[in-house]
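Close look at the chain arrangement
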Amino acid sequence: MIEGVLGVLAYLITVLAIAAISIRSIELYRRIKAGQPDPTRSNHKARRFALMVREVLTHAKMLNFTGSGIAHWFVMIGFVSLFGTLVTAYGQIFDPHFVLPIIGHWVPYNFFVELITWLTGISIVALIAIRQVTRFTNKGRTSRFFGSGSWKAYFVEATILAIVFCVIALRGLEGALLGDKAKPFEFALSSPAVNAFENLDVATLEKWIVIVAALKIIVSMTWFIVIAANLTMGVAWHRFLAPFNIFFKRNVSATPTLGALPEMLSHGKPIDFEDPKEDDVFGIGKAADISWKGLLDMASCTECGRCQSQCPAWHTEKPLSPKLLVMAMRDHALANLPSDKPIVGETISPDVLWSCTTCGACVNECPVDIEHIDHIVNMRRFQVLVESEFPTELGGTFRNLEKAGNPWGANRMDRNAWIAECDFPVEVIEGALPDEVEYLFWVGCAGAYEERAKKTTKAVAELLYMSGVKFGVLGARETCTGDPARRAGNEFLYQILSRENVETFKEVYVNYKGKKKVVVTCPHCFTTIGRDYKQQGFELEMVHHTQLLNTLVKEGRLKPVAPSSKKLTYHDPCYLGRHNQIYEPPRELLESTGVDLVEMPRNKERSFCCGAGGGRMWMEEKLGTRINMNRVDEAIATGAEEVAVGCPFCRVMVSDGVKGRESDVEVIDVAQALLRSVKNGGNQSATNQTA
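Observations concerning the sheet that holds strand β6 (residues 517–520)
Reading across from one edge, β3-β5-β4-β6-β7 is the order of the 5 strands in this open sheet, with parallel pairing throughout. In this open sheet, the two edge strands, each paired with only one partner strand, are β3 (427–428) and β7 (541–544). In this structure, β6 lies alongside β7, joined through 4 bridges in parallel fashion. Paired with V518 across the strands is M542, a residue of β7. Across the sheet, helix α22 (residues 523–530) is in contact with β4 (439–442), β6 and β7; its angle to β7 comes to roughly 170°.

What about the environment of C609?
Within the element layout of this structure, C609 appears in the loop between β9 (596–597) and α25 (627–637). With 234 residues separating them along the chain, C609 and H375 place their C-alpha atoms 20 Å apart.

Details of the pattern of salt bridges
Per the stated rule, a full pass over the model turns up 47 salt bridges. A salt bridge links R330 to D331, with the shortest nitrogen-to-oxygen separation between them at 3.2 Å. Among the residues examined, R330 registers a relative accessible area of 1% and is labelled buried. Measuring nitrogen to oxygen at the nearest pair gives 3.9 Å for the salt bridge that ties E503 to K506.

Details of the packing of aromatic side chains
Evaluated as defined, the whole model comprises 24 aromatic pairs. For the ring pair Y494 and Y533, a centre distance of 6.5 Å and an interplane angle of 50° mean the geometry is tilted. With Y494 in helix α21 (residues 491–508) and Y533 in the loop between α22 and β7, the pair connects residues that are 39 residues apart, well separated along the chain. On the accessibility criterion, Y494 (1% relative accessible area) is buried. The structure contains a cluster of three or more aromatic residues connected by ring pairs, namely F79, W223, F224, W237 and F240. When the ring centre of F145 is taken as origin, the NZ or CZ atom of R131, which lies over that ring, is 4.2 Å away. Against the face of W314 rests R141, its NZ or CZ located 3.6 Å from the ring centre.

A word on the environment of R131
Tracing the chain through its elements places R131 in helix α5 (residues 107–137). The exposure class assigned to R131 is buried, which follows from its relative accessible area of 13%. For the pair formed by R131 and S150, sequence separation is 19 residues and the distance between their alpha carbons is 9.6 Å. For R131, the residues in contact, after removing those within four places along its chain, are F145, A153, Y154 and E157. Side-chain polar atoms of R131 contact the side chain of E157, separated by 3.0 Å.

Quick notes on the packing of helix α23 (residues 545–554) against helix α27 (residues 670–678)
For the pair α23 and α27, the least separation of the axes is 10 Å and the interaxial angle reads 25°. On the basis of the axis angle, α23 is roughly parallel to α27. The interaxial crossing formed by α23 with α27 has left-handed handedness. Packed against α23, whose contacting residues are H545, T546, L549 and V553, the element α27 presents V670, A671 and L674 at the interface. Here the residues of the contact of α23 with α27 sort into 5 nonpolar, 2 polar and no charged.

What about unusual backbone geometry?
For E303, which is not glycine, the phi dihedral falls at a positive 60°. Mapped onto the elements of the fold, E303 is located in the loop between α10 (292–300) and α11 (306–310). Given a relative accessible area of 5%, E303 falls into the buried group. You will see that E317, though not glycine, has its phi angle at about 60°, which is positive. With relative accessibility at 44%, the residue E317 sits in the partly exposed group.

Examining empty space enclosed by the protein
Going through the model one piece at a time under the given rule, you end up with 7 cavities of 30 Å³ or more. If you add up the space inside the largest cavity, you get close to 110 Å³. Around the largest cavity, the lining comprises 14 residues; the ones closest to its centre are C445, C480, C522, C525 and F649. With 3 residues, the top contributor of residues to the lining of the largest cavity is helix α18 (residues 444–449). A volume near 90 Å³ is recorded for the second largest cavity. Residue lining of the second largest cavity: 15 residues in total, with C311, P312, C356, C359 and C362 positioned closest to the centre.

Cut-offs used in this document
- Residues numbered from 1 in each chain as written.
- Predicted model: local features only at pLDDT ≥ 70, side-chain atom pairs only at ≥ 80, totals over all residues.
- Heavy atoms only, no water.
- Pairing = 2+ DSSP bridges.
- Helix = DSSP H or I, 4+ residues; strand = E, 2+ residues; numbered from the N terminus.
- Contact = heavy atoms within 4.5 Å.
- Axes fitted to C-alpha atoms, helices over the stretch in contact; angles between N-to-C directions.
- Salt bridge = Lys/Arg side-chain N within 4 Å of Asp/Glu carboxyl O.
- Buried < 20%, exposed > 50% of the residue type's maximum accessible area, 1.4 Å probe, protein only.
- Phe/Tyr/Trp six-rings, centres within 6.5 Å; stacked < 30°, edge-to-face > 60°.
- Lys NZ or Arg CZ within 6 Å of the ring centre and 35° of its normal.
- Polar contact = N/O pair within 3.5 Å; in protein donor to acceptor, adjacent residues only side chain to side chain.
- Parallel < 35°, antiparallel > 145°, perpendicular 65-115°, else oblique.
- Left-handed = near helix turned anticlockwise from the far one by under 90°.
- Nonpolar A, V, L, I, M, F, W, Y, C, P; charged D, E, K, R; others polar.
- 1 Å grid on protein atoms, 1.4 Å probe; cavity = no way out; pocket = protein on both sides within 12 Å on 5 of 7 lines; lining within 4 Å.
- Points joined across faces, edges and corners; volume = space filled by probe spheres on them.

Here it is in structure tokens:
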């Protein structure tokens, strides 16, 4: 009797589940499609598809968290591979002896089903254990699950566990029902379950097969009904949405979607800042301003907290959590129909918005390729360009950039002052670049004006001179690349600065016959000129000074002859590492000088930010603890005598942190470590060159 009732219930709930998930899937699709158009996401379809398949099947990002990554892979495979057991269950309600047509009792298939079932079960238990252990070992903000909807995860985990139990139980009952008719090894991995049921009579076995099959269907269909009722349940919806989100990511590359910021689009077209339209959308001010890809990002969020666990703002007690920000935007845009209520102020606190350093740790970690930085900067753009609401300090920075072409407001004509401090010639390019000049040395604002960064500039120039590389600088013809303005949301000012530089580059390279190679010491200039400027149709071959110097050492044009015995640790700049995947050249260069290179626990793709990116260099850090102090504490804890950097912003922040800790650790640029070795000046050269 009960098996009959359960059988009818299983089919009724299936009809309800299919109707619910179909209706709500269409509704979710319509809500996402209603977002602002973004035509940049549909190019290179074949390559996008290949990258998506590769990322999904290899779980490339998930494996950064090795244990949970492997476990999640098996759960994902089980979700797809065990579909046949669900189909079988529908047949077993009417006929306990039912098997899949054609496949039937094919041993390889049944062995595969059992293997995946056990591995899925073990994996989901492991994931449950990880979540629960984390609750006790990492409490409060230290847990990556802080702020996540726990009941959603528990429901999904319980559902998977129940389905695994049902499949194993059914395999045991099926094996007991077949008895001696079973093929050899057909129930190889479910033999304990078969043995548990082998003493039951045929009628009882048939009855329990119907009951368990019905329960399996009910559990599965209840899962669909629950997620249909919760469009913001990303921990479940990501099973369907994540592949699409990965397919449509901004950069058609296996690397994270970092580097350049996206162009400001309005109604699917780049904004003409010289003649904007009256109905142009400037960034994100309300839910209706979010692009369809942004909405897809938010719907795909699994609330796993991997972004949160790596965020420097969150680690230093600031209100920004990339996960909580995406969840809040998702709930604002998808839980209700899009409204005209402002996101910043209503849903997102300004303190959250301006805490971001755009370091890229969140995007680098996200297993479903959510583009957190793009959303943050788009909200900043609206606040700056439309609302004129931004931190007070940025007002002065914007004015300095506009009037003087640098964030400090220094005299433009003083950009050449560092040259007078050199005892070797430095060519200043007045017109077009001569053919004999191989590299244009882009000094940058910090390299020209900031005293500590100027030491790096002079070291690089001297090394290039010693190696015989022909280079020239633009001097007063340089102006800020626009990085601080763009990352802080002032796209209008960025457009002015970038166009001025692009016009200068066109004049410099007007008749140049070689490759347009530019060497820089600042990763922010490296990224902005090399990647952002491509959006204006101008492309240069950018080389970071650590890359060029490393090449010169390998070619024998620079020879480190005075190895240093000092213990040194290297700090990866976010805009050199995560944003551009340049990790080895600085390390190889340092190793060539003979230093005892010791790594900080957080290094390479998981390096901790210095706190200066995203315009934060010119903003006071008033909330929580200081990011640079957090990083400096880690550097000091290595026992290193020196900290090497490859970015002027990092140099300022790390130097200030060392000073704040009253430590005698020296902060130098990688180029300075090489220079002292090449000049055979030993530690004396290092002393003269360091801040």
